[in-house]
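Structural description and commentary
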Amino acid sequence: MAEPSAPGRKRARKHRPFSPWSAVAWIIALGFFFPVAWMVLTSFKQEGDAYTDPPKLFFAPTLDQYRGVLDSGIGTSLLNSAFATVMSTLLVLLLGVPAAFALSLRPVRRTKDALFFFISTKMLPIVAAIIPLYVIVSNIGLLDNIWVLVILYTAMNLPIAVWMMRSFFLEVPGELLEAASMDGASLWTSVREVILPLVSPGIAATALICVIFSWNEFFFAVNLTAVQAQTIPVFLVGFITGEGLFWARLSAAATLAALPVILAGWVAQNKLVRGLSFGAIK
């Protein structure tokens, strides 16, 4: 019996029988997405429509909440968050890529001890370190300065980035470096033209995770830079007042705050999927 042609196999894959697990997966995905959809929906309501029991599904949409959020100064907070996030992510990649390379393709002595030291810095609760950090930051004159968040976010994300990127570098055959060296390429040329293109999806995935962690960080921001260098998570807390919780205005602000990270993830989704699955299939 002759094998079906390639188009025939493609058609066979397209018409797969219905699986109940697909329905379960869709239900779970919709369950995770529902709070986000409800937040966006609430942002187009008036405050009277947003706080009703039972909730209103049909209403006259309005952009008043977005106008109010933009007039309340969210732009400065967005710029502060963007600056701290971008700068800290660049520093993490600048420091983490050489470290991950050295601990994988060019291992040093006591590599396991170095890796454990990196990850052990994440074991200390942030609240246990905030008082000495506050004293240090105050003494060096960086209190309520955006650069202190750049430094702290870099230190916060660097251990995770080194561990992640090391796993990507370990998937690269060491013979590639040997072959490039035999062809006369220097170490920097080999890394730039051979290794980095192979692990670029993993680096992109690591960068995106660092962006998410930095953008959403709240504890350092509220304790060290809550006024002049206010970031977007601290800005959102301002809608929780003694007069009550402004649901529609808060939903509009949260939608604007989440939009940059969502767009970054959407733009980098191809590299993100490839990076997170890098080395999973041999």
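In what follows, the accompanying structure is described. Within each chain, residue numbers correspond to sequence positions counted from 1 in written order. For a predicted model such as this one, the threshold for reporting local features is a pLDDT of at least 70, and the threshold for listing and counting side-chain atom pairs is 80 or more; totals across whole chains, interfaces and linings nevertheless cover every residue. Only hydrogens and water are set aside when side-chain values are computed; all heavy atoms of the structure are taken into account.

Considerations on empty space enclosed by the protein
Spelled out, the test is: Of the two site types, the cavity is a set of points on a 1 Å grid over the protein atoms alone where a 1.4 Å probe fits but cannot get out, and the pocket is an open set with protein on both sides within 12 Å along at least five of seven lines, each lined by residues with an atom within 4 Å of a point. Grid points are joined across faces, edges and corners, and a volume is the space filled by probe spheres set on the points. Going along the chain from the N terminus, every DSSP run of H or I of four or more residues is numbered as a helix, and every run of E of two or more is numbered as a strand. Throughout this entry, Asp, Glu, Lys and Arg are counted as charged residues, while Ala, Val, Leu, Ile, Met, Phe, Trp, Tyr, Cys and Pro are counted as nonpolar. The remaining residues, Gly among them, count as polar.
The full count for this structure, using the stated rule, is 1 cavity of 30 Å³ or more. Lining the largest cavity, in full, are S81, A84, T85, Y153, S214, W215, E217 and T231. Contributions of two or more residues to the lining of the largest cavity are made by α5 (74–102) and α10 (187–216). Per-element tally for the lining of the largest cavity: the top contributor is α5, with 3 residues. Looking at the lining of the largest cavity residue by residue, the class counts come to 3 nonpolar, 4 polar and 1 charged.

Some thoughts on the layout of surface pockets
There is about 320 Å³ of room inside the largest pocket. Forming the boundary of the largest pocket are T121, K122, L124, P125, I126, A129, L133, I151, L152, A155, M156 and F220. Broken down by secondary-structure element, the contributors of at least two residues to the lining of the largest pocket are α7 (126–139) and α8 (146–170). Per-element accounting of the lining of the largest pocket gives the leading share, 4 residues, to α8. For the lining of the largest pocket, the residue count by class is 10 nonpolar, 1 polar and 1 charged. Put simply, the second largest pocket is a space of about 240 Å³. Lining of the second largest pocket is provided by 15 residues; of these, W38, T42, A50, W247 and S251 occupy positions nearest its centre. Within the residue set of the lining of the second largest pocket, elements represented by two or more residues are α2 (20–42), α3 (47–50) and α13 (247–267). A per-class count over the lining of the second largest pocket returns 9 nonpolar, 3 polar and 3 charged.

Topic: the pattern of salt bridges
Here is the rule: A side-chain nitrogen of Lys or Arg and a carboxyl oxygen of Asp or Glu constitute a salt bridge if their distance falls within 4 Å. The cut-offs for exposure are 20% and 50% of the maximum accessible area for each residue type, with area from a 1.4 Å probe on protein chains only; residues under the lower value are buried, those over the upper are exposed, and the others partly exposed.
All told, the structure shown has 2 salt bridges when counted by the stated rule. When the shortest N-O distance is used, the salt bridge between D49 and K56 registers 3.0 Å. Under the relative-accessibility criterion, D49 is labelled buried at 17%. Among the ionic pairs, D64 bridges to R67, the shortest N-O distance being 2.7 Å. With D64 and R67 both in helix α4 (residues 64–71) and 3 residues apart, the pair spans about one turn of that helix. Among the residues examined, R67 registers a relative accessible area of 48% and is labelled partly exposed.

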